[in-house]
Amino acid sequence: MSKRLRVGMVGYKFMGKAHSNAYRSLPMFFPSAPLQPEMSVICGRNEQGVQAAASQFGWSESVTDWRELVKRDDIDLIDINAPSDAHKEIALEAARQGKHLFCEKPLALSLADSREMLQAAEEAGITHMVGFNYRFSPAVQLAKDLIESGRLGKIYHFRAFFLQDWILDPNFPLVWRLQKEVAGSGSHGDLGAHLIDLARFLVGEFQEVIGMSETFIKERPLASEMTGLSAKGSSSADAPKGEVTVDDATLFLARFAGGALGSFEATRFAAGHRSTNSFEINGSLGSVRFDFERMNELEVYFTTDDEDVQGFRRVLATDPAHKYAEAWWPAGHTIGFEHTFTHEMLELVTAISEGRQPSPSFHDGVACQAVLEAVERSVAERRWVPLEEM
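If you check an unreviewed UniProt entry, the protein chain appears there as Gfo/Idh/MocA family oxidoreductase from Paenibacillus silvae.

What follows is the structure, given as structure tokens:
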């Protein structure tokens, strides 16, 4: 029988639900995982809200003080999915208490803070992981395999965009994701961070970047209630408003250390796009295209195909040959967004059991933060910024 990993989780809304579902699913679909999560304690500031979440999600206990939670002897792992401004303080104290760490992205509000978190985790000798769940789609893993095996040849281009439209209405309230002191940045750190991680995972390290950004709606009504990506607030013309202090859209170009060129776009103002997370990679021997709205599919093109049948083919990444697929359903029976988190947790518990760092670790969180801040510096100074500056 697998050993238990006793989890204490801080946060209980959008990501809290996603992580809880992953912890519950892991024993059913990956029974041979070396550790099985025990959903011990969930933590949140609102006592009534966190109690309801504990009951709904299946946690044994709920508390409102994360400082007490991280000191408990009956907890092995601290899962942090609270707003970004809370990540550093919780992680530093949990590391001091010798707890393994799982932290949602972006790792921190700044590159300096993320480096401090990494240093604390390494000095404590704990396992640390950052939450870039899109890596764990079987189709993305297939793209990784095609690149690493050389089947796409030398990589020339990585182009990506993450498009949403959930704040298109100027009367949408001022939620915490639109406040720099809480979120760190807007679409850039929320959506662009995923694109940056996918680029690093698939193509390699960034060499230099140049970018631009815009905040289209400068002020918004104050929020009276917010949950996940939804919120309530007054739409009357005289309703009190607050300043939006993050970007609504950020675009940038990049050169990779391996010689490839990259283009990136992250926006919350793309009407008709609920959550279009997509990339295309072009190599000397072929290309791949991925869109998370069709996450089970990878479009693949090989130059070595006979001329009369050349073209992109749709590969449905649900066969046993595709990573993780065998644990779920028969071939052709697709999986969804929530399954990426289960795969993420499988990597985490396996790494803890094997005494290694998972992929992605806090090292990847720091590397992503460096690219994010390099782009911000480029926007401010209107120039190319080498990553070696950061």
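Asks: I keep staring at helix α6 (residues 138-148) and nothing clicks. Help me out?
Replies: Three- or four-residue spacings in an α-helix give side chains the same orientation, since the helix completes a turn every 3.6 residues. By the criterion of burial, α6 is predominantly enclosed, with nine of the 11 residues buried. Restricting attention to buried positions, one finds in α6 the residues Pro138, Ala139, Val140, Gln141, Leu142, Ala143, Lys144, Leu146 and Ile147. Just downstream of α6 lies Gly150, where phi reads positive at about 85°.

Asks: Explain the layout of surface pockets here, please?
Replies: Vacant regions in the atomic arrangement are exposed by a probe of water-molecule size rolled over the atoms. Its volume calculated, the largest pocket comes out at about 1200 Å³. Forming the boundary of the largest pocket are 50 residues, of which Asn81, Ala82, Pro83, Trp176 and Arg177 lie nearest the centre. Considering each element in turn, the lining of the largest pocket owes the most residues, four residues, to helix α8 (residues 187-202). Split into classes, the residues belonging to the lining of the largest pocket amount to 23 nonpolar, 17 polar and 10 charged. What the second largest pocket holds in volume is close to 220 Å³. Around the second largest pocket, the lining comprises 15 residues; the ones closest to its centre are Lys180, Ser213, Val246, Asp247 and Glu376. Counting residues per element, the ones that place at least two in the lining of the second largest pocket are β8 (206-214) and α10 (362-381). Sorting elements by how many residues they give to the lining of the second largest pocket places α10 first, with three residues. Split into classes, the residues belonging to the lining of the second largest pocket amount to three nonpolar, eight polar and four charged.

Asks: What is the right way to look at the side chain of Thr342 in this model?
Replies: Take Thr342: it is sitting in helix α9 (residues 337-354). The residues touching Thr342, leaving out its near neighbours within four places in the chain, are Ala22, Ser25, Leu26, Phe30 and Trp328.

Asks: Honestly, the domain arrangement of the protein chain in this entry has me stumped. Any pointers?
Replies: By a widespread convention, an interface's size corresponds to the accessible area lost as its parts come together. Parsing the protein chain into structural domains produces domain 1 (4-134) and domain 2 (138-294 + 296-335 + 366-381). Using C-alpha coordinates to define each centre, domain 1 is positioned 24 Å away from domain 2. Tallying the contact residues gives 21 residues for domain 1 and 29 residues for domain 2. Taken over both partners, the interface formed by domain 1 and domain 2 buries close to 2100 Å², and the fraction arising from carbon and sulfur atoms is 69%. Considering only the side of domain 1, the residues that lose the most area to domain 2 are Phe29, Phe132 and Tyr134, jointly responsible for 36% of the buried surface there. The interface formed by domain 1 and domain 2 holds one salt bridge in total. Across the salt bridge formed by Asp190 and Lys105, the nearest N and O atoms sit 2.9 Å from each other. For the side of domain 1 that touches domain 2, the elements supplying multiple residues, two or more each, are α1 (14-29) and α5 (111-124). Broken down by element, the residue count for the side of domain 1 that touches domain 2 peaks at four residues, all from α5. Grouping the constituent residues of the side of domain 1 that touches domain 2 by class yields 12 nonpolar, five polar and four charged.

About the thresholds
- Residues numbered from 1 in each chain as written.
- Predicted model: local features only at pLDDT ≥ 70, side-chain atom pairs only at ≥ 80, totals over all residues.
- Heavy atoms only, no water.
- Buried < 20%, exposed > 50% of the residue type's maximum accessible area, 1.4 Å probe, protein only.
- Helix = DSSP H or I, 4+ residues; strand = E, 2+ residues; numbered from the N terminus.
- 1 Å grid on protein atoms, 1.4 Å probe; cavity = no way out; pocket = protein on both sides within 12 Å on 5 of 7 lines; lining within 4 Å.
- Points joined across faces, edges and corners; volume = space filled by probe spheres on them.
- Nonpolar A, V, L, I, M, F, W, Y, C, P; charged D, E, K, R; others polar.
- Contact = heavy atoms within 4.5 Å.
- Domains from an automatic or database assignment.
- Buried area = accessible area lost by both parts, 1.4 Å probe.
- Salt bridge = Lys/Arg side-chain N within 4 Å of Asp/Glu carboxyl O.

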